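If you want the building blocks of each chain, they are given just below.
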Amino acid sequence: MRLPVAVKVGAFALVVMGTYTYYANSIPQIQSKPPAELSLEGGNVTPAQLVKAGEEIFHTKGTCEICHRIGQKGTRAPDLAGIGARAGKTKPGMSAKQYIIESLLQPGAYLVEGYPNIMPQVDKPPIALNRSEVWALTAFLESQGGNVDVTLDDIPKTAGATAGGAPAEIKIPGDPKAGEVVFSTKGACIACHKAGKIGASPVGPDLSQIAKIQTPDYIMKKILDPAGSGTVAGFPKGVMPPMFGQTLTAKEYVDLVAFLLTLK
Ligand code: HEC
Ligand code: HEC
């Protein structure tokens with residue numbers, strides 16, 4: 001029989017996660033748009049301009065390259081070389097653009113074989129692309145071996161609707177400085193992970209930019225139940241210890257999460 005994970009911090013963690021969800025849902029959409037925000041709605045744009053804009057997003061705001069490479073295996077995700085060609089053949093009855101759009105907005109709907117369900121929805125924080133940006137990115141991915149035929153109408157009107165410009169800054173009620181200490185001492189995370197200026201171990205993934213590419217929800221669950229979140233590609237299964245829910249106190253856990261959320 002499998003013991004429930006996180007017996008000790010479980011209930012508390014749920015409250016914290018609940019609070020997070022509450023705040024995330026209650027952030028008013030009033031932030032002013034940062035200048036980097038791309039809006040193409042209503043404008044005339046050629047496919048070439050669209051592809052170029054998408055390429056820029058791929059390399060910068062999209063943070064795609066922390067997980068994916070083009071023409072080279074990334075650590076966490078599939079090589080996207082030729083995606084425009086293979087996208088139309090991946091799911092029967094789905095065109096290339098439909099498959100690519102689904103991959104971006106509902107990454108869990110179809111999983112590339114051998115990879116876990118860890119890609120975040122790109123129109124939600126922390127990546128938080130708007131509808132125009134999803135459009136441009138789709139055009140760029142189609143251009144990798146396929147035809148660029150995506151129009152703004154192909155992108156659901158709801159895409160990016162909750163992003164509201166800059167990703168909402170979520171405050172976890174923990175102390176990042178104390179969390180850094182947990183990371184290097186009691187948690188022993190440092191034995192396997194690099195995290196910004198501290199650590200160097202290659203046993204687990206480099207966490208230096210984890211808050212840029214992952215939701216607080218994923219990070220919190222991963223600590224309590226590493227196997228339940230899938231195994232990051234390129235790393236061994238079952239190596240990350242599953243007992244942090246029992247060994248860390250609630251305060252240590254929340255401080256640790258607060259520290260991890262500073263890594264971006
Ligand atoms: C945290 C890591 C991560 C980030 C960040 C990420 N992805 Fe992914 N992506 C994955 C993983 C893992 C898969 C394979 C599992 C799946 O199908 O969801 C994947 C799958 C895909 C696929 C389907 C690939 C195929 O061969 O069918 C596309 C397209 C894609 N990602 C595009 C992007 C783009 C564009 C970005 C940036 C906006 C991005 N991803 C950001 C991890 C990530
Ligand atoms: C004995 C080695 C080991 C220790 C100790 C360890 N981890 Fe891990 N961790 C791994 C490995 C290996 C992976 C990748 C495989 C997987 O997903 O399970 C991983 C994955 C992760 C991920 C997901 C990274 C990503 O790119 O999606 C996070 C977050 C993480 N660990 C946080 C922690 C924290 C926080 C601690 C300390 C409380 C910790 N780990 C302790 C080995 C370890």
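Structure shown above.
Residues numbered from 1 in each chain as written. Chains lettered and ligands numbered in written order. Predicted model: local features only at pLDDT ≥ 70, side-chain atom pairs only at ≥ 80, totals over all residues. Heavy atoms only, no water.

## Describing the overall build of the protein
Along its length, the protein carries ten helices and zero strands. Ordering the α and β elements of the protein from the N terminus gives α-α-α-α-α-α-α-α-α-α. Partitioning the contacts of the protein with sequence separation of at least 6, the portion at a separation of at least 24 is 66%. In the form shown here, the protein has an accessible surface area of approximately 13,700 Å², with 60% of it arising from carbon and sulfur atoms. (Helix = DSSP H or I, 4+ residues; strand = E, 2+ residues; numbered from the N terminus. Contact = heavy atoms within 4.5 Å. Areas by Shrake-Rupley, 256 points an atom, 1.4 Å probe, with all protein chains shown as cover.)

## Concerning the pattern of salt bridges
Counting across every chain of the model gives seven salt bridges. With its nearest N and O atoms 2.9 Å apart, the salt bridge here joins Lys-221 to Asp-217. Here Asp-217 and Lys-221 lie together in helix H8 (residues 216-224), a separation of four residues that amounts to about one turn. Between Lys-251 and Asp-255 there is a salt bridge; the shortest N-O distance is 2.5 Å. On the criterion of helical spacing, the pair formed by Lys-251 and Asp-255 is a turn pair, its members being four residues apart in helix H10 (residues 250-260). Taking the relative accessible area as the measure of exposure, Lys-251 reaches 55% and is therefore exposed. Look at Asp-255 and you get buried, because its relative accessible area is 6%. (Salt bridge = Lys/Arg side-chain N within 4 Å of Asp/Glu carboxyl O. Buried < 20%, exposed > 50% of the residue type's maximum accessible area, 1.4 Å probe, protein only.)

## Here's the deal with the packing of H8 against H10
Contact geometry of H8 with H10 gives a least axis separation of 10 Å together with a crossing angle of 135°. Here H8 lies oblique to H10, going by the angle between them. Crossing angle aside, the handedness with which H8 passes H10 is right-handed. On H10, the residues touching Ile-219, Met-220, Lys-221, Ile-223 and Leu-224 of H8 are Tyr-253, Leu-256, Val-257 and Leu-260. For the contact of H8 with H10, the class distribution of residues is eight nonpolar, no polar and one charged. (Axes fitted to C-alpha atoms, helices over the stretch in contact; angles between N-to-C directions. Parallel < 35°, antiparallel > 145°, perpendicular 65-115°, else oblique. Left-handed = near helix turned anticlockwise from the far one by under 90°. Nonpolar A, V, L, I, M, F, W, Y, C, P; charged D, E, K, R; others polar.)

## What about the site of ligand 2?
Around ligand 2, 25 residues are found, and the nearest of them are Cys-189, Cys-192, His-193, Tyr-218 and Met-240. Separating a nitrogen atom of ligand 2 from a side-chain N or O atom of His-193 is a distance of 2.8 Å. For ligand 2, an oxygen atom lies 2.9 Å from a polar atom in the backbone of Val-232. Contributing elements (two or more residues each) for the shell around ligand 2: H8 and H10. With three residues, the top contributor of residues to the shell around ligand 2 is H8. (Near = heavy atom within 4 Å. Polar contact = N/O pair within 3.5 Å; in protein donor to acceptor, adjacent residues only side chain to side chain.)

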